[in-house]
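# Overview (structure and organization)
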Amino acid sequence: MLAESSPNLCGKKYIEDGLRHDWSLQEVLSLFKLPFSDLLYQAQTVHRSHFDPNEVQISSLLSIKTGACSEDCGYCPQSAHYQTGLGREELIPLQEVLQAARRAKQQGAARFCMGAAWRSPADHDIERIVAMIEGVRSLGMETCVTLGMLTDSQTQRLKQAGLDYYNHNLDTSQEYYAEIISTRTYQDRLDTLQRVREAGINVCCGGIIGMGESAQDRANLLIELANLPQHPESVPINLLVRVEGTPLAQTATLDPLVFVRTIAVARILMPKSRVRLSAGRTEMSDEMQALCFLAGANSIFYGIKLLTTDNPLADSDRQLFQRLGLRMGGKEEAHHA
Ligand code: SAM
Ligand code: DTB
Ligand code: SF4
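Residues numbered from 1 in each chain as written. Chains lettered and ligands numbered in written order. Predicted model: local features only at pLDDT ≥ 70, side-chain atom pairs only at ≥ 80, totals over all residues. Heavy atoms only, no water.

### Concerning the site of ligand 3
Near ligand 3, the surroundings consist of Cys69, Glu71, Cys73, Tyr75, Cys76, Ser79, Ala117, Trp118 and Arg184. Among the residues forming the shell around ligand 3, the class breakdown is six nonpolar, one polar and two charged. (Near = heavy atom within 4 Å. Nonpolar A, V, L, I, M, F, W, Y, C, P; charged D, E, K, R; others polar.)

The following block contains the structure:
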């Protein structure tokens, strides 16, 4: 049972799917402010009622088109607006993608996520992406791509190819967004998310914490996600990787416990979603990661690289999982689509 003081279940409407989509700022701020133990207890309770708490879903990432992106996202090493030492690469060949996917599968990844540094894909690139999706699926892995904004017909084509997940992050609150990105709007992001949802592709959508945002921004980001008509099936919570040359390189270090609280609140607001402990793990102690799993994170990116920056070595993740008694999970049983 939840503690009586729990501010989240008081007479609120549960919408058709049995999940809430009507969170208010005040409620979510109160969750954030709970004593740490009460917050984690509540998050664990929610987590255990929907998931095996000792199983963590594993995805691996590959950058299929790196650098020279026209967008000016202040956190991103791949933006052409900043000097980060990354060269421009074209879309990589199919065989390279399949080789990386086979390696990821051997290491235990259930899903293979392919990311491109694009504002949006050109139509002529879509058929090459389709071949990648079909090839990775034929290896028996789930597929995810993140390509920027999509048109209706591109979204349909990706669905037809059998794409399982599309990643498109809101990144931060509506209010803070303009401080971070000027080359597209929040509404652009929401429009693509709606297209993906309506096409019947599972949605992977989250954000970045530690970009100098306020506590209210963190709450508002989670509210945006939870108040979507359907919760994203996967919610990546990234800790900003401060890359030299980007405008956010000198951002102050975030209190690790604020990050853990953010994971816990995401778990409470989106009980059935996979909350993904994403970028930034090389900066986290094992103990901090353990707290994130305790707070309800139940998926990670696995393998030495994220897109362009480092991720923990597979070996050290295996050791951490062993120390914590965690199992690497397989493919999702139930898809919403
Ligand atoms: N270009 C596409 C887009 O922006 O949607 C796909 C690739 S983009 C690199 C995918 C996500 O990576 C971004 O939305 C952002 O959340 C995350 N990301 C990029 N740089 C990051 C950084 N330095 N630290 C944490 N997350 C980052
Ligand atoms: C997400 O939310 N995080 C991943 C994935 N989705 C595509 C990307 C993190 C990128 C970190 C910076 C880099 O490695 O370039
Ligand atoms: Fe481009 Fe995506 Fe990086 Fe923004 S986050 S600069 S859109 S690759």
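### Describing the side chain of Ser59
Looking at the secondary structure, you find Ser59 in strand β1 (residues 55-65). At a separation of 3.3 Å, a polar atom in the side chain of Ser59 contacts the side chain of Gln57. (Helix = DSSP H or I, 4+ residues; strand = E, 2+ residues; numbered from the N terminus. Polar contact = N/O pair within 3.5 Å; in protein donor to acceptor, adjacent residues only side chain to side chain.)

### Brief notes about the packing of helix α8 (residues 215-226) against helix α9 (residues 256-269)
Direction vectors running N to C along α8 and α9 enclose 25°, while the axes themselves pass 10 Å from each other. As far as their axial angle goes, α9 and α8 are roughly parallel. Helix-helix and strand crossings are classified by hand; for α8 and α9 the assignment is right-handed. Of the residues in α9, those touching α8 at Arg218, Leu222, Ile223 and Ala226 are Val258, Thr262, Val265, Ala266 and Leu269. Residues that form the contact of α8 with α9 fall into these classes: seven nonpolar, one polar and one charged. (Axes fitted to C-alpha atoms, helices over the stretch in contact; angles between N-to-C directions. Parallel < 35°, antiparallel > 145°, perpendicular 65-115°, else oblique. Left-handed = near helix turned anticlockwise from the far one by under 90°. Contact = heavy atoms within 4.5 Å.)

### Quick look at α9
Taking 1.5 Å of rise per residue, the 14 residues of α9 would be expected to cover 20 Å, and the 20 Å separating its terminal C-alpha atoms lies within 8% of that figure. When you tally the buried positions in α9, you get 12 out of 14 residues, the bulk of the element. For α9, the set of buried residues is Val258, Phe259, Val260, Arg261, Thr262, Ile263, Ala264, Val265, Ala266, Arg267, Ile268 and Leu269. For α9, the N-terminal capping position is held by Asp255, with its side-chain oxygen 2.9 Å away from the main-chain nitrogen of Leu257. (Expected span 1.5 Å × (residues − 1). Buried < 20%, exposed > 50% of the residue type's maximum accessible area, 1.4 Å probe, protein only.)

### Considering the site of ligand 2
As a structural note, the neighbourhood of ligand 2 is formed by Leu61, Pro77, Thr146, Asn167, Asn169, Pro236, Asn238, Phe301, Leu306, Leu307, Thr308 and Thr309. The separation between a nitrogen atom of ligand 2 and a polar side-chain atom of Asn167 is 3.3 Å. Within the side chain of Thr308, a nitrogen or oxygen atom sits 2.7 Å from an oxygen atom of ligand 2. Expressed as a share of its isolated accessible area of 410 Å², the protein-covered part of ligand 2 is 89%. Split into classes, the residues belonging to the shell around ligand 2 amount to six nonpolar, six polar and no charged. (Areas by Shrake-Rupley, 256 points an atom, 1.4 Å probe, with all protein chains shown as cover.)

### Looking at the side chain of Ser60
For Ser60, the location among the structural elements is in strand β1. When its relative accessible area of 6% is taken as the criterion, Ser60 is described as buried. Within the structure, the side chain of Ser60 is placed 2.7 Å from the backbone oxygen of Tyr302, a separation counted as a polar contact. In contact with Ser60, other than residues within four places in its own chain, are Ala104, Ala109, Arg111, Phe112, Cys113 and Tyr302.

### Observations concerning the state of the cysteines
Using the criterion set out here, one finds zero disulfides in the structure. Lacking any disulfide linkage, Cys204 is separated from the closest cysteine sulfur, that of Cys144, by 5.2 Å. (Disulfide = S-S within 2.5 Å.)

### Section: the nonpolar core
Nonpolar side chains in soluble globular proteins generally cluster together in the buried interior. By size, the foremost hydrophobic cluster in this structure holds 97 residues, and its most contacted members are Ile64, Tyr75, Phe112, Ile129, Leu158 and Phe259. For this core, the leading source of residues is α9, giving nine residues. Dropping the residues within four chain positions of it, Ile64 is found in contact with Glu90, Leu91, Ile92, Val97, Met114, Gly115, Ala116, Ile129, Met132 and Leu147. Ranked by size, the runner-up nonpolar core spans seven residues in total, among them Leu61, Tyr165, Ala279 and Phe301. (Core = buried A, V, L, I, M, F, W, Y, C linked by side-chain atoms within 4.5 Å.)

Note that every value here comes from positions in space, so none of it alone points to a role or purpose.
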